[in-house]
Amino acid sequence: MKNIKNVWKKVAIVIGLLVIAVAILMISPNFKKDPNEGKINFIINNNNVTIKLKKDVFIDSNGVVYASKEDIANFFDGQIYYDKENEQVITTSDTKVAVLSLKDKTMKVNGAERKILGTVVRKDGTLYIPISELNGVYNFEVTNINNSVITIDSLDRELVKADATKKISVKSTKKFIAKTVDKVGAGEKVIIISEKDGWARVRTVNGKIGYVKSDKLTNKTTVRKAIEKQPQVTGKINLVWDYYSEYVTAPNRNGTSIEGINVISPTCFTLKNGDKVEIIDKASNEYNEWAKSNGYKVWAMVSNNSMRETTSKILNDYAKREELIEKIVSLAIKYKVDGINVDFENMNMADKDVYSRFIIELAPRLREFGIVTSVDVTAPDGSENWSLCFDRDVLADASDYMVFMAYDQHGISSTKAGTVAGHDWVEANIKKFLGQEAVKKEKLIMAMPLYTRLWRTDSAGKVSSTVVNMNQVSNKLPDNVEKKWDENTKQYYVKYETNGIKYQMWIEDEKSISEKLDLINKYELAGGAFWEKDREIDNIWSLAEEKLK
């Protein structure tokens, strides 16, 4: 009798231990119920993001996969835009601009219209985008697995596949006890996501993601190699603008060269004032051939000529904005330029967002042809029309380069004499670009002035100034004037009086430019630029080459 009691006691202990073990397993993270169960799983580049979706994806009767506009913004295009006036959604990728109508099943990609299986859908106040129709826009592959799993794979990422050596279980973790997420038959292929410490993270043909021992896989094959983007210019950019207005032809520079320069920006395209979208074209094939024969990339400037009203009319009208983009792309292709430098200044602060849209929609169109987009901006925290009209964070993200025009700290309208580009002011603003403006250092080009200003204060205290080119400074100053080095601006400063008039100048020369060039290296910026050709002294280009090489 005693032995029977002992047996039952042992049985009870075993049962109790089993209950405890099962309970532990049930509450273990490895065995908890999958929060994505019962939903269409959404996998982007081997990451299951279903739980992060703001709205569930859905599939219509034609097999078209839809994702919400908010989720498209989160995972693919942070600047996706709903054009309420024209009832269309505009989305962009690196080289494509797609316009999808809410009215019919059409999509326009880089200006070419095509039929699609699904249109943009408004459902419970949310816009849903037919993401399975955007393969050619975002350069990815969308796969629908039994209407239960949607996988999206970027075609510029590496893809490695392997075969299972035998029937294996794919586990949720690498731990000894782990939940089985899928089973793979012998010879069945899996995608290898990563490998470490004898384990492989894989994705099965059913779209399930988990772990298997690496030695259970064979025939590893790289199906697709990663595509690495190469910059157009190797090393630091060293750019100079070559200015000529809409009233004259391009300068003849045949037989000359500019030491150290690798990018030249002729100011050849200008918006025409008026209600129509017209560009004054002063580009020259002969000039471009001269530039390229010297090894320079040609980034042609497109200027709005500070015409605020004309600029505003174009930017705020989608049809006109699109027309302007088409004309810029056509001109860039016609003259075989390497880049477009957009120089829109003196704009309404209220047009800040539509200007951003212009660059967002222009840059992909140019990249399709390997053409770089750079955008000129002023220092942050200035006036409404000259500074606050730029959303630098968005512009830098959309373009290839942002050019900080680090000059006119004290400009023509200043009522106080001062430097055009003091070192302390330039450095403070570089920090703002990289900090508060969130511009990446590898995208920021710092532009320097090859000129200064001679300030004149009369007996009544009225201040005025005239521009003095760097190569004319010595001609504008009296022979006996004393130059003093200012450590803050890192410029030589002069002051003198003639006939009761007080004169002041903060001089731009080889030493002041050298100090500014050091900032480019100190903050690891993309490069430097100079406004403008023919204002320089002879040794500026060799200095720039030495500092930026």
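Residues numbered from 1 in each chain as written. Predicted model: local features only at pLDDT ≥ 70, side-chain atom pairs only at ≥ 80, totals over all residues. Heavy atoms only, no water.

Participant: So what's going on with the overall build of the chain? Residues and values would help.
Facilitator: A count of helical and extended segments in the chain gives 12 helices and 35 strands. Relative to a compact globule of 549 residues, whose C-alpha radius of gyration would be 24 Å, the chain shows 31 Å and is clearly more extended. In terms of principal-axis extent, the alpha carbons of the chain reach across some 130 × 60 × 45 Å. For the chain, with 549 residues in total, the buried portion stands at 51%. (Helix = DSSP H or I, 4+ residues; strand = E, 2+ residues; numbered from the N terminus. Rg over C-alpha atoms; globule rule 2.2 N^0.38 Å. Buried < 20%, exposed > 50% of the residue type's maximum accessible area, 1.4 Å probe, protein only.)

Participant: Describe the packing of helix α6 (residues 318-334) against helix α7 (residues 352-367), naming the residues involved and giving the relevant values.
Facilitator: Running from amino to carboxyl end, α6 crosses α7 at an angle of 35°, the nearest separation of the two axes being 10 Å. With respect to the hand of their crossing, α6 and α7 are arranged in right-handed fashion. In this structure, α6 uses Tyr318, Arg321, Leu324, Ile325, Glu326, Ile328, Val329 and Ala332 to contact α7, whose residues at the interface are Val354, Arg357, Phe358, Glu361, Leu362, Arg365 and Leu366. Class assignment for the residues of the contact of α6 with α7 results in 10 nonpolar, no polar and 5 charged. (Axes fitted to C-alpha atoms, helices over the stretch in contact; angles between N-to-C directions. Left-handed = near helix turned anticlockwise from the far one by under 90°. Contact = heavy atoms within 4.5 Å. Nonpolar A, V, L, I, M, F, W, Y, C, P; charged D, E, K, R; others polar.)

Participant: Lay out helix α9 (residues 423-434) with the relevant residues and their values.
Facilitator: In this model α9 runs 17 Å from its N-terminal to its C-terminal C-alpha over 12 residues, within 8% of the 16 Å that 1.5 Å per residue would give. The set of residues buried in α9 consists of His423, Trp425, Val426, Glu427, Asn429, Ile430 and Phe433. In this fold, the buried residues of α9 make contact with β27 (372-377), α8 (392-398), β28 (401-405), β29 (444-449) and α11 (510-522). (Expected span 1.5 Å × (residues − 1).)

Participant: Which residues make up the packing of aromatic side chains, and what are the values?
Facilitator: Scanning the entire structure with this criterion turns up 23 aromatic pairs. Aromatic side chains tyrosine 355 and phenylalanine 358 sit 6.1 Å apart centroid to centroid with 35° between the ring planes, which places their arrangement in the tilted category. Taken together, the residues tyrosine 355 and phenylalanine 358, both in helix α7 and 3 residues apart, mark about one turn of the helix. Per residue, the accessibility class of tyrosine 355 equals that of phenylalanine 358, and both read buried. Summarising the aromatic geometry, the rings of phenylalanine 404 and phenylalanine 433 are spaced 4.7 Å apart at their centres and angled 40° between planes, so their arrangement reads as tilted. (Phe/Tyr/Trp six-rings, centres within 6.5 Å; stacked < 30°, edge-to-face > 60°.)

Participant: Let's hear about the nonpolar core: which residues, and what values?
Facilitator: Core analysis: the largest hydrophobic core is formed by 96 residues, its most contacted members being Phe269, Ile340, Tyr355, Phe358, Phe404 and Phe530. By residue number, the principal contributor to this core is α7, which donates 7 residues. The residues contacting phenylalanine 269, other than those within four sequence positions of it, are Ile279, Ile280, Asp281, Ala283, Ala300, Met301, Val302, Ser303, Leu331, Tyr335 and Ile340. Ala67, Leu100, Ile116 and Phe140 belong to the second largest nonpolar core, which has 28 residues in total. (Core = buried A, V, L, I, M, F, W, Y, C linked by side-chain atoms within 4.5 Å.)

Participant: I'd like a rundown of the sheet that holds strand β4 (residues 65-68), residues and numbers included.
Facilitator: The strand order across the open sheet formed by 4 strands is β3-β4-β11-β10, and the pairing between neighbours is antiparallel. Unpaired on one side and paired on the other, β3 (58-59) and β10 (121-123) mark the two borders of the sheet. Looking at chain direction, β3 and β4 are connected through 2 bridges and run antiparallel. Its bridge partner lying in β4, isoleucine 59 is registered against valine 65. (Pairing = 2+ DSSP bridges.)

Participant: Tell me about the pairing of strand β17 (residues 189-196), and name the residues and values.
Facilitator: Examined bridge by bridge, strand β14 (residues 159-164) and β17 share 4 bridges and lie antiparallel to one another. If you follow aspartate 163 over to β17, its bridge partner there is lysine 189. The pairing of β17 with strand β18 (residues 199-203) spans 5 bridges and is antiparallel. When the sheet's bridge partners are listed, serine 194 is paired in β18 with arginine 201. The antiparallel pairing of β17 with β18 creates a hairpin that spans 2 residues between the two strands, and aspartate 197 there sits at a positive phi of about 55°.

Participant: Tell me what's going on with the pattern of salt bridges, and back it up with residues and numbers.
Facilitator: Counted according to the given criterion, the structure contains 26 salt bridges. A salt bridge links aspartate 163 to lysine 189, with the shortest nitrogen-to-oxygen separation between them at 2.9 Å. With aspartate 163 in strand β14 and lysine 189 in strand β17, this pair connects stretches of sequence that are 26 residues apart. Across the pair arginine 367 and aspartate 400 runs a salt bridge whose closest N-O atoms are separated by 3.0 Å. Highlighted residues: arginine 367 in helix α7 and aspartate 400 in the loop between α8 and β28, separated in sequence by 33 residues. (Salt bridge = Lys/Arg side-chain N within 4 Å of Asp/Glu carboxyl O.)

Participant: I'd love a proper account of the pairing of strand β33 (residues 491-498), names of residues and values included.
Facilitator: Examined bridge by bridge, strand β32 (residues 484-486) and β33 share 3 bridges and lie antiparallel to one another. When the sheet's bridge partners are listed, lysine 484 is paired in β33 with tyrosine 493. Linking two consecutive strands that pair antiparallel, namely β32 and β33, is a turn of 4 residues; a positive phi of about 50° is found at lysine 490 within it. Pairing between β33 and strand β34 (residues 501-507): 7 bridges, direction antiparallel. Each residue of the ladder has a partner; that of glutamate 497, found in β34, is lysine 502. What sits between the antiparallel neighbours β33 and β34 is a turn of 2 residues, in which asparagine 499 has the positive phi angle 55°.

Participant: Account for α11, naming residues and giving values.
Facilitator: Here α11 contains 13 residues, and its C-alpha end-to-end distance of 18 Å stays within 8% of the 18 Å for a straight helix at 1.5 Å per residue. The residue sitting at the N-terminus of α11 and contributing the capping side-chain oxygen is aspartate 509; that oxygen lies 3.1 Å from the backbone nitrogen of lysine 511. Count one or two residues on from α11 and you reach glutamate 524, which has phi positive near 55°. (Polar contact = N/O pair within 3.5 Å; in protein donor to acceptor, adjacent residues only side chain to side chain.)

Participant: Give me the side chain of lysine 516: which residues, what numbers.
Facilitator: With respect to the helices and strands, lysine 516 occurs in helix α11. Using a relative accessible area of 1% as the deciding quantity, one classes lysine 516 as buried. Polar contacts involving the side chain of lysine 516 include one to the main-chain carbonyl oxygen of alanine 421, which spans 3.1 Å. In contact with lysine 516, not counting residues within four places along its chain, are Ala421, His423, Val426, Met446, Met448, Gln491 and Glu508.

Participant: Can you break down the environment of valine 394 residue by residue, with the values?
Facilitator: Its place among the elements puts valine 394 in helix α8. When residues no more than four places from it in sequence are discounted, the contact partners of valine 394 are Gln79, Ser356 and Ile360.

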